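Read off the chains here:
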Amino acid sequence: MNKEIKIGNHVISEDSPAFIVAEMSANHNMDFERAVSIMQAAKKAGADAVKIQTYTADTITLDCDDPCFQITQGTLWDGTTLHKLYESAYTPWEWQPELKKVAEEMGLTFFSSPFDFSSVDFLEEMGVPAYKVASFEITDIPLIRKIAQKGKPVIMAAGVAHLADIELAVNTCREEGNEDVILLKCTSAYPTPYEDVNLRTIPSMADTFDCLTGLSDHTFGCAVAGAAVALGARMVEKHLTLRRADGGPDSAFSMEPEEFAQMVDQIRKIEKALGKVTYTLTPAQEREREHSRSLFIAKDMKAGDIFTPENLRSVRPANGLHTRYYEELLGKRIARDAKMGTPMCWELVRFE
C-alpha cells in the first residue's frame, strides 16, 4: 500500500502531522445552518477536514418492523428500528454540494461515507477527494469494489471487522489497482469504554497490511486520540457537535468545539514531543551536562594523603575527572595539597 496519500491539500504519510477529521454525522439535527456552524466550529478548532454521511433510510436499510430490523443491542438507539433511526439521522442530499462548497471556502477538506452504489455516484459527481467506508460497511465487498474503482483514497474503519474481513476489504482495493488505503482502528460502541479500545492494534495493523493507519474514536475526551497518534495513527476522526445538550442521535458521544480544540492542541504537542530517534543532545542539554557528576576532593588533603571514600567523592558539577576513575583512584596518594572542592584531575595523582 502507498505510504504517502494526498487528500485535498493534505499529504498523509508516516512523517506527516495527523490528518484530523471532524465527523458531523447526524449532529446537524436536520438544520442546514447548524451544519454550517458545525463546520465553522471544526475549522476554528483546528480540524483539517469535515466528514459527512451520504445515505437515506431507504438506501441503507429496509422499512421493516421484523425483529431483525429492531435495535436491541444495548445501544443509545434501542427501542426503534433501523429505518426510523436513519430517517432522523441522514444528511439531506440536496445540502451536500453546498456544504462541500462552504467547507472548501473555509479551507476544510470535505468528504463522505457512501452507503450504496447511488451514493457513490452522487459523491463522485460532487468531486469528493476521498471515500470513507464505515465500520458496518467493511463487509460490503461490492460497495468497496465500486469505491476502489474511483481511484481515490479509501479510508476504512474496522469497528466490527474480523481480521479476515479487513484482509478481504484491503485485497478488494488492491484487485482494483487502488493502493491508497488508510485503515482506522475503531470500536463500534457508542460511547466506547476505554478498556475496549485496544490501541496497540494500530501498529500491528500497519505492519500486517503495510499501510497507513488511524483512529475513528468514540470515547469521551482526547486521551485516546493522543495516545493513538503516539502509536503511529496518521488520521484521527472524532464526532463534533455544537452542544451535547442540543440532543440528536450522536450527540451523547460527540465532542463540543472547546473539547475538539483541546484534542487538536494535544495532538500537535504530542507530535512535537515524538520527534525522531536521536541520541544527540541539544545545545541546552549540552549546557546542562555541566551540572552532572564528577570527582572532587571532599576534604582538605595534604600531599601524600591516600584517596579514600571520605576525601574523594562523586558529586555535582562536572568539572572534575569522570566518575569511571573512582575505583582506580582509591588507595593512590595525592601529589600535592588540595582543598575541599578542588576538581579532581590526573595532576593531583602521585604515580609511584
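The shown structure was predicted, so the numbers you read here are calculated from the model rather than taken from an experiment.

Rules and cut-offs
- Residues numbered from 1 in each chain as written.
- Predicted model: local features only at pLDDT ≥ 70, side-chain atom pairs only at ≥ 80, totals over all residues.
- Heavy atoms only, no water.
- Helix = DSSP H or I, 4+ residues; strand = E, 2+ residues; numbered from the N terminus.
- Buried < 20%, exposed > 50% of the residue type's maximum accessible area, 1.4 Å probe, protein only.
- Contact = heavy atoms within 4.5 Å.
- Areas by Shrake-Rupley, 256 points an atom, 1.4 Å probe, with all protein chains shown as cover.
- Lys, Arg positive; Asp, Glu negative; His and termini not counted.
- Charge placed at Lys NZ, Arg CZ, Asp CG, Glu CD.
- Phe/Tyr/Trp six-rings, centres within 6.5 Å; stacked < 30°, edge-to-face > 60°.
- Lys NZ or Arg CZ within 6 Å of the ring centre and 35° of its normal.
- Salt bridge = Lys/Arg side-chain N within 4 Å of Asp/Glu carboxyl O.
- Patch = residues over 30% accessible without salt bridge, like charges linked within 9 Å, V, L, I, M, F, W, Y side chains within 5 Å.
- Core = buried A, V, L, I, M, F, W, Y, C linked by side-chain atoms within 4.5 Å.
- Pairing = 2+ DSSP bridges.
- Right-handed = clockwise from strand over helix to strand, strands pointing away.

Chemist: Outline the overall build of the protein, listing residues and values.
Modeler: On a plain count of helices and strands, the protein comes out with 12 helices and 14 strands. Over its C-alpha atoms, taken along the principal directions, the protein stretches across nearly 100 × 45 × 40 Å. Counting the 352 residues in the protein, one finds 47% classified as buried. In the protein, once contacts between residues fewer than 6 apart in sequence are set aside, the share between residues at least 24 apart is 66%. Accessible area for the protein stands at about 17,200 Å²; split by element, carbon and sulfur atoms hold 50% of it. Positive and negative side-chain charges of the protein, numbering 38 and 53 respectively, have mean locations separated by a distance of 13 Å.

Chemist: Talk me through the packing of aromatic side chains; I want residue IDs and the actual numbers.
Modeler: Where two aromatic rings form a pair, the distance of their centres and the angle of their planes describe that pair. Overall, the coordinates contain 7 aromatic pairs when judged by the stated rule. The interplanar angle of 80° and the centroid separation of 5.2 Å between the aromatic rings of Y55 and F115 together place this pair among those described as edge-to-face. Placement of the pair is Y55 in the loop between β4 (49-54) and α2 (57-60) and F115 in the loop between β5 (109-114) and α5 (117-126), with a sequence separation of 60 residues. On the basis of relative accessibility, which here comes to 2%, the residue Y55 falls in the buried class. With relative accessibility at 9%, the residue F115 sits in the buried group. Both rings, one in W346 and one in F351, keep their centres 6.4 Å apart while their planes meet at 35°; by these two values the pair is tilted. Given a relative accessible area of 57%, F351 falls into the exposed group. Members of the aromatic cluster, joined through ring pairs, are Y55, Y86 and F115. Above the plane of the ring of F117 lies K146, whose end atom (NZ or CZ) is 5.3 Å from the centre.

Chemist: Pulling in residues and values, what's your account of the pattern of salt bridges?
Modeler: Taken as a whole, this structure holds 18 salt bridges when the rule is applied. One salt bridge connects E23 with K51, and the closest N-O pair in it is separated by 2.5 Å. Of this pair, E23 sits in strand β3 (residues 19-23) while K51 is found in strand β4, placing the two residues 28 residues apart along the sequence. Of the two residues, E23 and K51, neither departs from the other in class, the shared state being buried. Residue R244 pairs with E259 through a salt bridge whose shortest N-O separation is 2.8 Å. Here R244 is found in the loop between β10 (235-239) and α10 (257-274), whereas its partner E259 is found in helix α10, with 15 residues between them in sequence. If you follow the salt bridges from partner to partner, you end up with D48, R234, R268 and E271 in one network.

Chemist: Before we move on, can you summarise a negative patch on the surface with the specific residues and values?
Modeler: Together, D58, D63, D65, D66 and E87 make up a negatively charged patch on the protein surface. The topology assignment puts E87 in helix α3 (residues 82-89).

Chemist: Outline the nonpolar core, listing residues and values.
Modeler: Residues M39, M156, I166, L183, F260 and M263 are the most contacted members of the largest nonpolar core, which totals 66 residues. It is helix α1 (residues 32-45) that provides the largest number of residues to this core, a total of 7 residues. Residues within four places of L183 in sequence aside, it is in contact with M156, I166, V170, M205, F209, C211, L212, T213 and G214. Formed by 15 residues, the second largest nonpolar core is a distinct cluster that contains V21, A49, A130 and C186.

Chemist: Quick rundown of the side chain of T54? Include the residues and the values.
Modeler: Inspection of the secondary structure puts T54 in strand β4. Residue classification places T54 among the buried residues on the basis of a relative accessible area of 0%. The contacts of T54, once residues within four sequence positions are left out, are W93, Q96, S112, S113, P114, F115, S119, F122 and L123.

Chemist: Break down unusual backbone geometry for me, with residues and values.
Modeler: Omega for the peptide link from Y190 to P191 comes to 0°, which places this bond in the cis form. For P191, the location among the structural elements is in the loop between β8 (181-186) and α8 (201-209). With an omega dihedral of 5°, the bond running from R316 to P317 counts as a cis peptide bond. Mapped onto the elements of the fold, P317 is located in the loop between β12 (312-315) and α12 (326-329).

Chemist: Account for the environment of E347, naming residues and giving values.
Modeler: Position of E347 among the secondary structure elements: in the loop between β13 (333-334) and β14 (349-350). Of the residues examined, E347 reaches a relative accessible area of 58% and is grouped as exposed. Measuring from C-alpha to C-alpha, the distance between E347 and R336 comes to 8.9 Å, with 11 residues separating the pair along the chain.

Chemist: Pulling in residues and values, what's your account of the pairing of strand β9 (residues 212-217)?
Modeler: For a regular strand, side chains alternate in direction, first toward one face of the sheet and then toward the other. Of all the 6 residues making up β9, 6 are buried; the element is thus mostly covered by neighbouring parts of the structure. The alternating pattern of β9 places L212, G214 and S216 on one face and T213, L215 and D217 on the opposite face, and all of these are buried. In terms of strand pairing, β8 meets β9 through 5 bridges, oriented parallel. Paired with L183 across the strands is T213, a residue of β9. With respect to chirality, the unit in which β8 leads through α8 into the neighbouring parallel β9 is right-handed.

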